[in-house]
Amino acid sequence: MAEAAEMRGTPTAPLRGTLRRAAVALLTILPLLSILLASAAPTSQATGLDPSRSAPGSADQPARASHAADSPASVRQASAERVTPASQSAPTAPSTRSARPVDISVDNLDPAVPRPGDTVTIAGSATNTGNRAVSDSRVGVQLGPAMNSRSAIEETSGSNGPLTGGGATPAKGQSTKLESLAPGVTRSFTLKIPADELALDENGVYPLAVTLTGQTRAKPYAHVLGSQRSFLPWQTSAPQERTQLTYMWPLISSSHLTARTESNEQQTSVFRNDDLEQAIAPGGRLQQLVALGAELPITWVIDPDLLASVEAMTQPYEVRTEDGRTEPGKAQANAKQWLNDLQEAVDGEEIVALPFADPDLASLAHQGKQVPGALGRLRPATELARKTVQAILHTKPNTDFAWPVEGAVDPSVVGVATSAGASNVIARSDSMGERGRIPYTPTAARPVGGGTTAVVADHRLSTAFDGDLTRAGKSTQAVQRFLAETLSITQQVPNKQRSIVVAPQRQPTVSQARAMAEALAALDTDGGWTVGTSLSDAAKAEPDPSARRTLPGPGAYPAALREHELPTEAFEQVQKTQHTLDNFSEILSREDRVVAPFGNAIEREVSNSWRGEAEQAARFRESVQDYLLGLTREVHLIQKSDLTLSGRSATIPVTVQNNLVQGVDGLVLRLESSRSIGLEVGETQAVVVDGGHSQSVKFDTTAKANGRTTVTAQLYTKDGKPYGPPMTFQVKVTSITSTVLLVIAGGVLLVVLAGVRMYTQRKRRGATVSDPDGNDSPAGTSGPPGAGPSGGGAEGPDGADGEDDGSDDSDSPEGTGTADVESPEESEASGRREGPASAGRATHDTTEVEREGPPDASQSERASGPAATARRGSAPEAEVEGSDSTAQVVAADGSGRPEQAGERGSDTAAESSGPQDTGEKVER
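Residues numbered from 1 in each chain as written. Predicted model: local features only at pLDDT ≥ 70, side-chain atom pairs only at ≥ 80, totals over all residues. Heavy atoms only, no water.

**Quick word on the overall build of the chain**
And step 1. If you tally the helices and strands in the chain, you get 25 helices and 33 strands.
And step 2. Taking all contacts inside the chain whose residues are at least 6 apart in sequence as the whole, residues at least 24 apart take part in 73%. (Helix = DSSP H or I, 4+ residues; strand = E, 2+ residues; numbered from the N terminus. Contact = heavy atoms within 4.5 Å.)

**Examining helix α7 (residues 285-293)**
And step 1. Most of α7 is tucked away, with seven of its nine residues classed as buried.
And step 2. Within α7, burial applies to Arg285, Leu286, Gln287, Gln288, Leu289, Val290 and Gly293.
And step 3. Buried residues belonging to α7 abut β8 (243-251), α6 (275-280), β11 (299-302), α8 (304-313), α9 (332-345) and α16 (510-525). (Buried < 20%, exposed > 50% of the residue type's maximum accessible area, 1.4 Å probe, protein only.)

**Description of the environment of Thr395**
And step 1. As for its placement among the helices and strands, Thr395 is situated in the loop between α11 (378-393) and β15 (401-402).
And step 2. Given the relative accessible area of 27%, Thr395 is considered partly exposed.
And step 3. Taking C-alpha positions, Thr395 is 9.0 Å from Gln343, a pair spaced 52 residues apart along the chain.
And step 4. Non-local contacts of Thr395, meaning those with residues more than four positions away in its chain, are made with Ile351, Val389 and Gln390.

**Some details on the nonpolar core**
And step 1. Grouped together as the largest cluster of nonpolar side chains are 71 residues, with contacts concentrated most on Phe584, Phe598, Val654 and Leu669.
And step 2. By residue number, the principal contributor to this core is helix α21 (residues 614-632), which donates six residues.
And step 3. Residues contacting Leu669, with those up to four places away along its chain left out, are Leu637, Val654, Val656, Thr684, Gln685, Val687, Val697, Phe699, Ala713, Gln714 and Leu715.
And step 4. Leu251, Ala279, Ile351 and Phe465 belong to the second largest nonpolar core, which has 65 residues in total. (Core = buried A, V, L, I, M, F, W, Y, C linked by side-chain atoms within 4.5 Å.)

**Brief notes about the sheet that holds strand β16 (residues 424-428)**
And step 1. Strands sit in the order β15-β16-β18-β17 across an open sheet of four strands; the sheet is mixed. The open sheet is flanked by β15 and β17 (445-449), the only strands paired with a single partner.
And step 2. Relative to strand β18 (residues 452-457), β17 runs antiparallel, the two being bridged by four bridges. Across the sheet, residue Gly449 finds its bridge partner in β18, namely Thr452. (Pairing = 2+ DSSP bridges.)

**Details of the pairing of strand β7 (residues 223-234)**
And step 1. The element β7 is largely enclosed, with a buried count of 11 among its 12 residues.
And step 2. In the sheet, strand β6 (residues 204-215) pairs with β7 via 11 bridges, with the strands oriented antiparallel. Its bridge partner being in β7, Thr213 is matched across the sheet by Val224.

**Examining the packing of helix α19 (residues 568-585) against helix α20 (residues 592-604)**
And step 1. Contact geometry of α19 with α20 gives a least axis separation of 11 Å together with a crossing angle of 175°. Relative to α20, α19 is oriented roughly antiparallel. Residues Val574, Thr577, Gln578, Leu581, Phe584 and Ser585 of α19 form the contact with α20, whose participating residues are Val594, Val595, Phe598, Gly599 and Ile602.
And step 2. Class assignment of the residues belonging to the contact of α19 with α20 gives a composition of seven nonpolar, four polar and no charged. (Axes fitted to C-alpha atoms, helices over the stretch in contact; angles between N-to-C directions. Parallel < 35°, antiparallel > 145°, perpendicular 65-115°, else oblique. Nonpolar A, V, L, I, M, F, W, Y, C, P; charged D, E, K, R; others polar.)

**Observations concerning the side chain of Thr211**
And step 1. Tracing the backbone shows Thr211 in strand β6.
And step 2. The class of Thr211 is buried, set by a relative accessible area of 8%.
And step 3. What Thr211 contacts, discounting residues up to four positions off in sequence, is Arg138, Val139, Gly140, Gln142, Pro162, Val224, Gly226 and Ser227.

**What to know about the side chain of Arg150**
And step 1. Mapped onto the elements of the fold, Arg150 is located in helix α5 (residues 150-156).
And step 2. Side chain to side chain, Arg150 and Asp458 meet in a polar contact 2.8 Å long. (Polar contact = N/O pair within 3.5 Å; in protein donor to acceptor, adjacent residues only side chain to side chain.)

**Some remarks on the packing of α8 against α11**
And step 1. Relative to each other, α8 and α11 sit at 45°, their axes nearing to 9 Å. By the criterion of interaxial angle, the relationship of α8 to α11 is oblique. By crossing handedness, the relation of α8 to α11 is classed as left-handed. Together, Pro304, Leu307, Ala308 and Glu311 of α8 and Ala385, Thr388, Val389, Ile392 and Leu393 of α11 make up the contact between the two elements. (Left-handed = near helix turned anticlockwise from the far one by under 90°.)

**Some points on the pattern of salt bridges**
Close approach of charged atoms lets side chains of opposite charge pair.
And step 1. The tally for this structure, following the rule as stated, stands at 16 salt bridges.
And step 2. The salt bridge partner of Asp103 is Arg471, with a shortest N-O separation of 3.6 Å. Taken together, the residues span a long stretch of sequence, with Asp103 in strand β1 (residues 102-110) and Arg471 in the loop between α14 (459-462) and α15 (472-492) at a distance of 368 residues.
And step 3. Given the relative accessible area of 44%, Arg471 is considered partly exposed.
And step 4. Here Arg187 ties to Glu179 by a salt bridge, and the two come within 3.6 Å at their closest N and O atoms.
And step 5. We classify Arg187 as partly exposed; its relative accessible area is 27%.
And step 6. Of the residues examined, Glu179 reaches a relative accessible area of 55% and is grouped as exposed.
And step 7. Among the charged side chains, a network of salt bridges with common partners joins Arg150, Asp458, Arg481 and Glu485. (Salt bridge = Lys/Arg side-chain N within 4 Å of Asp/Glu carboxyl O.)

**Focus: the sheet that holds strand β26 (residues 685-689)**
And step 1. Across the sheet, which stays open at both edges, the five strands sit in the order β22-β29-β28-β24-β26 with mixed pairing between neighbours. A strand with exactly one partner marks an edge of an open sheet, and here the two such strands are β22 (643-646) and β26. Neighbour to neighbour, the strand axes of the sheet diverge by 35° on average, direction disregarded.
And step 2. Pairing geometry for strand β24 (residues 664-673) and β26, over four bridges, is antiparallel. Within β26, the residue paired with Val668 across the bridge is Ala686.

**Side note on unusual backbone geometry**
And step 1. Each neighbour pair has its own omega, and for Asp110 with Pro111 the value is -5°, a cis peptide bond.
And step 2. Take Pro111: it is sitting in the loop between β1 and β2 (119-128).
And step 3. Phi angles above zero are rare outside glycine, and His394 is one such case at about 60°.
And step 4. Within the fold, His394 resides in the loop between α11 and β15.
And step 5. On the accessibility criterion, His394 (61% relative accessible area) is exposed.

**Here we look at helix α10 (residues 361-368)**
And step 1. Burial within α10 is extensive, with seven of its eight residues counted as buried.
And step 2. All of the buried residues in α10 are Leu361, Ala362, Ser363, Leu364, Ala365, His366 and Gly368.
And step 3. N-cap assignment for α10: the residue whose side-chain oxygen lies 3.4 Å from the backbone N of Ala362 is Asp360.

**Some details on the packing of aromatic side chains**
Two descriptors summarise a pair of aromatic rings, namely the distance from one centre to the other and the angle between the planes of the rings.
And step 1. One pass over the full model with this rule turns up six aromatic pairs.
And step 2. Taken together, a centroid distance of 5.1 Å and an interplanar angle of 65° make the contact between Phe271 and Tyr317 edge-to-face. Taken together, the residues Phe271 in strand β10 (residues 269-271) and Tyr317 in strand β12 (residues 317-320) connect sequence positions 46 residues apart. Considered together, Phe271 and Tyr317 belong to a single accessibility category, that of buried residues.
And step 3. The rings of Tyr247, Trp249, Phe465 and Phe482 are connected pair by pair, giving a single aromatic cluster.
And step 4. Positioned above the aromatic ring of Trp403 is the side chain of Arg506, whose terminal nitrogen or guanidinium carbon lies 4.3 Å from the ring centre. (Phe/Tyr/Trp six-rings, centres within 6.5 Å; stacked < 30°, edge-to-face > 60°. Lys NZ or Arg CZ within 6 Å of the ring centre and 35° of its normal.)

**Observations concerning the pairing of strand β9 (residues 257-261)**
And step 1. Burial within β9 is extensive, with four of its five residues counted as buried.
And step 2. Looking at chain direction, β9 and β10 are connected through two bridges and run antiparallel. Bridging across to β10, Thr261 finds its partner in Ser269.

**Things to note about the confidence of the model for the chain**
And step 1. Within the chain, residue pLDDT values average 77, and 70% of them lie at 70 or more.
And step 2. A low-confidence stretch, residues 34-98 stays under pLDDT 50, and its non-local contacts, those more than four residues away or across chains, total 87 contacts.
And step 3. Every residue in residues 769-924 is under pLDDT 50, and counting partners more than four places away or in other chains gives 238 contacts. (pLDDT = per-residue confidence, 0-100.)

**Some points on the environment of Ser623**
And step 1. When you line up the elements, Ser623 lands in helix α21.
And step 2. Each C-alpha atom of the pair Ser623 and Arg260 lies 9.3 Å from the other, and the pair is 363 residues apart in sequence.
And step 3. Within the local environment of Ser623, its side chain forms a polar contact with the backbone oxygen of Phe620, the two atoms lying 2.6 Å apart.

**Some details on the environment of Thr314**
And step 1. Structurally, the position occupied by Thr314 is in the loop between α8 and β12.
And step 2. For the pair Thr314 and Leu339, spaced 25 residues apart in sequence, the C-alpha to C-alpha distance is 9.3 Å.
And step 3. Setting aside its immediate chain neighbours within four residues, Thr314 contacts Gln332, Ala335, Lys336 and Leu339.

This is the structure in structure tokens:
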């Protein structure tokens, strides 16, 4: 149909045919191009495109970056290498391994540095990781030409493929046959090759590859099915100048002790877990570091917090379990042994002591510098480090070195690192950004200004033992590469001695520590191109004039390291805890029992060991703060209930409770009233309370006015800082005035007078006389009432008309100053009986009362007796209420029956008339 369309002259037919032919051509060419590119890639790697590979002493850099060391692209490349320590491994290694069905592992290469006449033993294993069986397999060795540059070593280690290209030759006659390898099967092998048969001519580093050849059903011919590369250093003559090598041996651990201690006299320590027990036990990480480092030329870099923690384990201690409880620790013997071994290992060696608990300098520089007081912690931590090492290891350490995490520096990190007095900062070459600047590895010491020396550790040597080295093959490969790198450094400039520093990972594992020790031992015994030296000597070495001496800018700091820094909130919480501790310690009689454990715990809160463990770090900080606050609350004020004060002055007691095991003698107590005019409290008083006791502090108060006020009690330290929360209570003041006191006194006097009157009445009833008409009547009542001058009749002696003149009985000299007020009936009877006789009787009655009254009675009391009485004939009995007492009035009605009448004293009120509602005192 298409051909018919073209024949009929369809307009689109020529264009469609052209496109079809172009597509067929592309489909034919593309597979051929892919095959050619795939075959050319390993060839270029084998032949080595780096021109420095064929020239000893060439530039120490890959050819692809030789012209762009200072370009932005190179900066990004250096940053990527700092983020990933193993960035020197080429990304083609996994694809090469996956493309080959057999995995080769070189578990042992002995000796690591062969000499003429030695026999090189290569032991390892081959594992079939494919899905087809391998037959007719044979393991052999390939050896490439000597490499005299570090860049060539880096490129070679990036692949595990067989050595190809010019100069790569198999070791003649040195191979061994293996049995058939089924899928998943592993076979061991051992090769013994005389060094003289390896064609090792000149000094240098030789690439070595162990290969397995065999055939499968898919490819029934001999071909390489697996390989593993390594390095073989060869040194037959001593170099002109040996490289000075300083290897930092870190003895650092994470934080193990808590702030909590038991309340006994020994202050038994409490550990977070039993990790430290396992680390110092035989075979543990820290035990292996001490045992391996004892025989090596190293510089010990120690965190004094580790020493203090192990020292605490030599005594009885507690370990916190998963359920939050504690149980007795059992590693006292291991702790003592570990410290003894360490003392022997460091004898005569240099010890560099980091600030106590190994603080995170980069976090402090980037996140904590803005927090007031945060930088001030470094100097005390450094001084504590010196004292701790001297007390436990009995030797004086060097505290002149600061070590930021992974040696990453910028101006702020260096500034913080030297703020505690250190003049040397351990950096790393990848952080300094010097890669490719000069064609050799320069000396580590670099003056960076301000009297500070940056001791720049070599990046590749420092990261040579990173990663998982539990497999023997990985460990052997790391050892051989480390040896090759050091030999290459020496051969870069044979006639110039340089000082190189290695700063490995802070907490190497057991397998990493063993690999490090194996490499250093090989250098010390077989390698003649290095000599061990101390870190202090490395810092004093003559700086290389060509080396970079400027610090990188803040933007060059690795982003991956910033992500794991402590946040600013962490340093704020640290300072808050420190402030609480300062206030608490001021009040204690034995502050060392609190300052030491809590001070060390606060230092641990900013340790480098918390990197990557943000949640655990936050929980640790919170636990320290909560425990400290709990202790401060053991000294507190006991809440008072509301008080009522009667009077103008009173005493208010306030109780201070101390539930600590030690005494408190640094507090003062102050009371403050919300109404200063209502209540004045006493002066501030000192508080001294023994442990487990309470003290009542009394304050003298004075009230100025009645009412209610709020009183606040607050404890303060001696320097005026508030301690604990305030305690408030209400006080009600009810002050008693002088007027109220006079009223109360008058009432008491009236009660006394009433008693006297009652006594007088009883006496008169016992002394009655007979009436002239034959009726009995009390003495002095026969005459008309009130007729005499002292009888108090209707008119007084001054001619008064019978009304009260307002004078008080007690003020009258004769007791007659108060007038009687009579009722109408009494007035009428009195008018009928007025006359001299009645007056005489009244006078007689008054005299009788005065004579018969109590000897201590006053004149006013005697004058107020019953001399003025009234008789109503036969009137019925009348009752008159008095204010204090009741008197009898006798009525002569012919029957002689006595009639009750109200008392008519001067302190009573009239019954029927008189101003009783106005409170006036009248007499009837």
